[in-house]
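Survey of secondary and tertiary structure
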Amino acid sequence: MAALGPKLRRIANSHVGFFCPACRMMHVIRIGGDRGQGPLWTWDGNEDEPTFTPSIYVNRPGRLHNPAVPSCHSYVADGRIRFLNDSTHALAGQIVDLPDLTGAVGDQVKGTA
Ligand SMILES: [Zn+2]
């Protein structure tokens, strides 16, 4: 993964990832590439205080749901994550800053890369 500002990592040319402090893992979304490859988000291009639309719903309830990890539904806007109330982790309903991918978080990210 390549650095892309303090809060984002670029994966190939088509995806970016950020560290979710609720799930303690990277969430990766597709922001480019060919149509038909799956969900596509819009990124405002701001590397320091990114905004993605629409919302990001990780481990959504349904056929592919993994009961071992939380559901995480959020909006990332202006470098902050707003966790919606249908998230099943401790930060549901809260707004937190996107963590910088350095220090302890950076070490965790290296472990997942
Ligand atoms: Zn999460």
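The structure presented is a predicted model; accordingly, all values stated were derived computationally and were not measured. (Residues numbered from 1 in each chain as written. Predicted model: local features only at pLDDT ≥ 70, side-chain atom pairs only at ≥ 80, totals over all residues.)

Structural notes on the overall build of the protein chain
- Assigned secondary structure in the protein chain consists of one helix and 10 strands.
- Sequence-ordered secondary structure for the protein chain, helices as α and strands as β, is β-β-β-β-β-β-β-β-β-β-α.
- Taking all 113 residues of the protein chain together, the buried fraction comes to 20%.
- Across the protein chain, every contact between residues at least 6 apart in sequence was considered, and the portion connecting residues at least 24 apart equals 34%. (Helix = DSSP H or I, 4+ residues; strand = E, 2+ residues; numbered from the N terminus. Buried ≥ 20, exposed ≤ 12 C-beta atoms within 10 Å, placed from the backbone. Contact = placed C-beta atoms within 7 Å.)

A short note on the pairing of strand β3 (residues 15-20)
- Most of β3 sits inside the fold, with five of its six residues counted as buried.
- Here strand β2 (residues 9-11) pairs with β3 via three bridges, running antiparallel. The partner of I11 across the bridge, within β3, is H15.
- In sequence, β2 turns back onto β3 through a hairpin of three residues, with A12 there showing a positive phi of about 55 degrees.
- Between the end of β3 and the start of strand β4 (residues 25-30), which pair antiparallel, lie four residues, with R24 showing a positive phi angle near 60 degrees. (Pairing = 2+ DSSP bridges.)

Some details on the environment of S71
- One can find S71 in the loop between β7 (56-58) and β8 (72-77).
- Taking the C-alpha atoms as reference points, S71 and R60, separated by 11 residues in sequence, lie 5.7 Å from one another.
- The contacts of S71, once residues within four sequence positions are left out, are N59, R60, P61, D86, S87 and T88.

Some points on the sheet that holds strand β10 (residues 95-97)
- An order of β7-β8-β9-β10 is seen for the four strands of this open sheet, with the pairing classed as antiparallel. Every interior strand has two partners, whereas the edge strands, β7 and β10, have only one. Each adjacent strand pair in this sheet contributes to an overall mean axis angle of 30 degrees, direction not counted.
- In the sheet, β7 pairs with β8 via three bridges, with the strands oriented antiparallel. Across the sheet, the residue bridging to I56 is S74, located in β8. (Axes fitted to C-alpha atoms, helices over the stretch in contact; angles between N-to-C directions.)

As for the nonpolar core
- Core analysis: the biggest nonpolar cluster contains 15 residues, and F18, C20 and V76 have the highest contact counts within it.
- With four residues, the top contributor of residues to this core is β3. (Core = buried A, V, L, I, M, F, W, Y, C linked by C-beta atoms within 7 Å.)

What to know about unusual backbone geometry
- Backbone torsion omega between T53 and P54 reads -5 degrees, so that peptide bond is classified as cis.
- Within the element layout of this structure, P54 appears in the loop between β6 (52-53) and β7.
- Unusually for a residue other than glycine, D78 sits at a positive phi of about 55 degrees.
- For D78, a count of 13 C-beta atoms within 10 Å corresponds to the partly exposed category.

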